[in-house]
Each structure stands twice: as structure tokens, then as C-alpha cells.
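# Geometric and topological summary
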Amino acid sequence: MSDYHDKIETKVIHAAKNAALETETGAVNVPIYLSSTFHQESFDSFGPFDYSRSGNPTREALEQSIADLEGGERGLAFASGMAAISSAFMLLSSGDHVLISQDVYGGTYRFVTEVLDKFQITHTFVNMTDLNEVANAVQPNTKVIYIETPSNPCMNITDIEGVIKIAKANDCLTFVDNTFMTPLYQNPIKLGADVVLHSATKFLSGHSDIIAGLAVTRTAALGDKLAFIQNSFGSILGAQDAFQLIQGIKTLNARLSQSSQGAQKLAEYFQAHPLIEAVYYPGLTAHPGHEIHARQSSNAGAVLSFRLPNKAAAKAFVEHVRIPVFAVSLGAVESILSYPNTMSHAAMPKDEREKRGITDGLLRLSVGLEHVDDLIKDFDQALDVAVKQAKEAAVIS
Ligand SMILES: *Cc1c(COP(=O)(O)O)cnc(C)c1O
């Protein structure tokens, strides 16, 4: 966009302001335009805005800023991550086929299996970490390959460029859910992806306060098509939430950098703890996707998962930690601990869950902004209790 702020750390602060309409007041923040309709000065030629479903100045500043951050031509803001994702799938037509990561976000899984199915848009779940499996699963009517990397909750890493190569060879579009990394750490469009999707509910807004979604397209033509769907379907982000998201994005670097440093320390801490059977974090050299992730992303991020020996141990741990909230969601100022088994992946049959490593002892942690030494101290005392519970459960069963 401009040559005086090349670095994303600077862009997150100024991108929305630069995109906003020039105001007469000099306000340093993008104004919240609470207006559903816009007066037209001339009878025969209309201004840039007419009705806020089709376009709103506050939302537009956000949309241009996410396009700038991701390096795409067009950004679009939706009422939720799922609204962005499902709208992107509406680029497809009846008879088309989608190849999709088997460990995709639960809501995406539900949309693809239970909604797209009704419109004769078929799908195949694949292990995206295996490029041969991806290439072999492409069908003549495959139109989209859908990636999520790192995936949830076991942080599997997909080789984005490898998949894009397969997609391009088969005339398919590539969609990437970039929620976990954000444009701060991973830029799929620069690697050739066609659509990048975000649950902006998570790191981009960062305060567990709003539900929001963003989409960015690599080309203007695809952007026009998605904007048409956005306007037709109508699940736009409201102006107040757009403002709040603009404010959240400004502190993205400050928040995510600190949280990611904490996550690296905590991953190493859990890895060294005798009760923990496995730690899933791409920042660990032992992680199978470590090298691919390091090639395509500049940081391992702030989410990790770890496995306790059984449900009794996981329960004791959750009941004895004092700092994190125990909740679904991630990417906030407070650390969030969740139990994928009954939370994010409850809809999945038990054998499917276990195939994906989502066992009774697995917990996911989104690291917040608390001091990491306090978190380690808290986890240490909770793990002491969990050790006892794990042993008792093992004796009983
Ligand atoms: C939360 C999430 C979504 C869905 O976003 P909502 O804002 O909850 O609709 C999609 N993908 C990923 C990876 C998520 O974590």
C-alpha cells in the first residue's frame, strides 16, 4: 500500500487509519458510522455508500486493512468466522467437490458435511500433511482444496506451498484458515493461496469480547464474487464490532509476540514434566511439522496441546488450575484451557477423535498475557494433584 510502513508490526497500527475516509476532525481512530443508509446528493449519480449491508465506512476501513495485512486485493468482514468460511464455500456450485483437512475446525466440519451436502457439493477429508494422499484424492470436479494449519488441537502442519502446487495443477482454488497464525506470522496469499479466512473472534480481536470473521482474496475478481455473496447472504460485521476489531488488530503484535514466547516456554515445561505423555506445539524441534512450519511461518504461535495419562488426571488438572479460564475459544489476553473431548470436538464420534489423537487426557491451552512464571507455578501445583489422580485411576481401572 505504501512504502513507509513495510513491516507488519507498523502496519497493524496504521493500516485501518490509512484506509479510512479522510475525516475533517483529525480523530486518530476510525469513526463508527452507525448509519444504515446514506443520503445521495445527486439524483442520477450516487456516492460510494448507499446501504450498510452493501458497504459501511467503518467496516470498509477494517476490510482494507486486513487485505493490506494479508497482501490480498480485497478484504471482507463478516458476522463470524463461520459466516466468512461458509460464504467462501458459496463460491462453489452444485456438482463441485472439495478436498478438506480431516482435522478441520468443528464448525467447518459441520458446514461441509451437513450444509454443503444438501446442495450436492461433495467433499473428501484427507490427511493434508501427506501430499501424496492430497494429490490422489483430487477428482475431476474438485474446485477447492481447504487447508487449516496448524490444525486443531494436535497442531498438525500442512505444507501450504505443496498443496497449492497440487491445486494449481488441477485448476482448483486454495482456501486457508489462518486463524491460529494471523497475518503477523503466516501469509498464505504470498504463497499463492486464493482465499484466506479468519475467525477474528480469536487473536485478531484478542479480548474474548466480539464474534467476527474476515476473508481476503488474492485477486480483485475473486473479491468481487465474494463481495456479491456477502451482500446477497447478508452476514456482515456491524460497525461497532468492526471498530472494536480495528482496535484489537492494533495490539496484535504486542499481544501475540508475548503470548507466543510464553507458549514456547510452557511447551518446553510440559515436555519435561514426567506426567505429560505428549506435547503438540510446532515450536518444539520434536514436532513432526517443525521444519515445514518454520519455513512457511515466522513463529509457532500461542496455542499448544498436551496429553495427560487419563481423564481423571485431566479433570484434576482443570479443577486445580487457578489462572486460566476453562472455556472454548482461544487467542485472548487471558489464558484459555479447554478439553477438546467434550468441547471443540464433542460432535465427533469417539473413534474418529481417537484416530486424530484427541484422547481422554488431552487438553488445549491458548496462552494469554499473564506472566509465564505465574502460569508455570500454577500448572506445577495442578499437575501435582493430577499425578495422584492419575495413579489412583490407573489402580482402579
Ligand atoms: C473459532 C474458529 C472458527 C470459527 O470462527 P467463529 O468466529 O467462532 O465463527 C474457524 N476456524 C478456526 C480455526 C477457529 O478457531
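Conventions adopted
- Positions within a chain are numbered from 1, following the residues in the order the chain's sequence is written.
- Only residues with pLDDT of at least 70 get local features here, since the model is predicted, and only at 80 or more are side-chain atom pairs given and counted; chain-wide, interface and lining totals rely on the full set of residues.
- Computation of side-chain values: all heavy atoms of the structure, hydrogens and water removed.
- Here the axes come from fitting lines to C-alpha atoms, over the contacting stretch only for helices, and the angles between their N-to-C directions go from 0 to 180 degrees.
- Put simply, DSSP marks the helices as runs of H or I at least four residues long and the strands as runs of E at least two long, and each gets a number from the N terminus on.
- With the far helix as reference, a near helix turned anticlockwise by less than a right angle produces a left-handed crossing, and one turned clockwise produces a right-handed crossing.
- Contact definition: two residues touch when any of their heavy atoms are within 4.5 Å.
- Each residue is assigned to one class: nonpolar for Ala, Val, Leu, Ile, Met, Phe, Trp, Tyr, Cys and Pro, charged for Asp, Glu, Lys and Arg, and polar for all the others, Gly among them.
- A pair of strands counts as paired when DSSP detects no fewer than two bridges linking them.
- Domain start and end points were adopted from an automatic or database domain assignment.
- Summed over both partners, the accessible area lost on bringing two parts together, with a 1.4 Å probe, is the buried area.
- Between Lys or Arg on one side and Asp or Glu on the other, a salt bridge is scored when a side-chain nitrogen of the former is within 4 Å of a carboxyl oxygen of the latter.
- The term polar contact refers here to a pair of N or O atoms within 3.5 Å; inside protein, the definition further demands a hydrogen-donor-capable atom paired with an acceptor-capable atom, and it admits residues adjacent in sequence only when both atoms are side-chain atoms.
- If even one non-hydrogen atom of a residue comes within 4 Å of a molecule or strand, that residue is called near it.
- Areas reported as accessible are Shrake-Rupley estimates using a 1.4 Å probe. Residue values count occlusion only from the protein chains shown.

The next subject is the packing of helix 2 (residues 57-70) against helix 9 (residues 239-250). Orientation of helix 2 relative to helix 9, taken along the N-to-C sense of each, is 35°, at an axis distance of 8 Å. The way helix 2 lies across helix 9 gives a crossing that is left-handed. Contact with helix 2, carried on its side by Thr58, Arg59, Ala61, Leu62 and Leu69, involves Ala239, Ala242, Phe243, Leu245, Ile246 and Ile249 of helix 9 and no other residues of that element. A per-class count over the contact of helix 2 with helix 9 returns nine nonpolar, one polar and one charged.

Another aspect to go through is the sheet that holds strand 8 (residues 278-280). If you walk across this open sheet you meet the five strands as 8-9-12-11-10, and the pairing is mixed. Of all strands in the sheet, those bounded by a partner on one side alone are strand 8 and strand 10 (325-326). Lying over the sheet, helix 10 (residues 252-272) contacts strand 8, strand 9 (303-307) and strand 12 (362-366), oriented at roughly 10° with respect to strand 9. Across the sheet, helix 12 (residues 311-320) is in contact with strand 9, strand 10, strand 11 (336-338) and strand 12; its angle to strand 12 comes to roughly 30°.

Here the focus is the domain arrangement of the chain. Its domain assignment divides the chain into domain 1 (8-250) and domain 2 (253-396). It is Pro153, Tyr185 and Phe203 in domain 1 that bury the most area against domain 2; as a group they hold 25% of the surface buried on that side. Linking domain 1 with domain 2 are one salt bridge. Where domain 1 touches domain 2, the interface holds 16 residue pairs in polar contact (both at pLDDT 80 or more). When contributions to the side of domain 1 that touches domain 2 are tallied by element, the ones reaching two or more residues are helix 1 (8-19), helix 6 (160-169) and helix 7 (182-185). When residues of the side of domain 1 that touches domain 2 are assigned to their parent elements, the largest contribution, three residues, is made by helix 7. Classifying every residue of the side of domain 1 that touches domain 2 by side-chain character gives 14 nonpolar, 12 polar and five charged.

With that out of the way, let us pick up the environment of Gly55. Note on placement: Gly55 falls in the loop between helix 1 and helix 2. Counting along the chain gives 274 residues from Gly55 to Ser329, while the straight-line C-alpha distance between them is 29 Å. Gly55 has contacts with Phe38 and Phe49, leaving out every residue within four places of it along the chain.

Around the ligand lies a shell of 13 residues, among which Met82, Asp177, Ser199, Thr201 and Lys202 are the nearest. Between the ligand and Ser199 there is a distance of 2.8 Å, counted from an oxygen atom to a side-chain nitrogen or oxygen. In this structure, Thr201 approaches the ligand through a side-chain N or O atom, which is 2.7 Å from an oxygen atom. Considered on its own, the ligand offers 380 Å² of accessible surface; in the complex 93% of this is hidden by protein.

What follows is about the packing of helix 3 (residues 81-89) against helix 4 (residues 106-115). Interhelical geometry of helix 3 versus helix 4 gives an angle of 35° and a closest axis separation of 10 Å. For the element pair helix 3 and helix 4, the recorded crossing hand is right-handed. Residues Met82, Ile85, Ser86 and Phe89 of helix 3 form the contact with helix 4, whose participating residues are Gly107, Thr108, Phe111 and Val112. Along the lines of polarity and charge, the residues of the contact of helix 3 with helix 4 split into five nonpolar, three polar and no charged.

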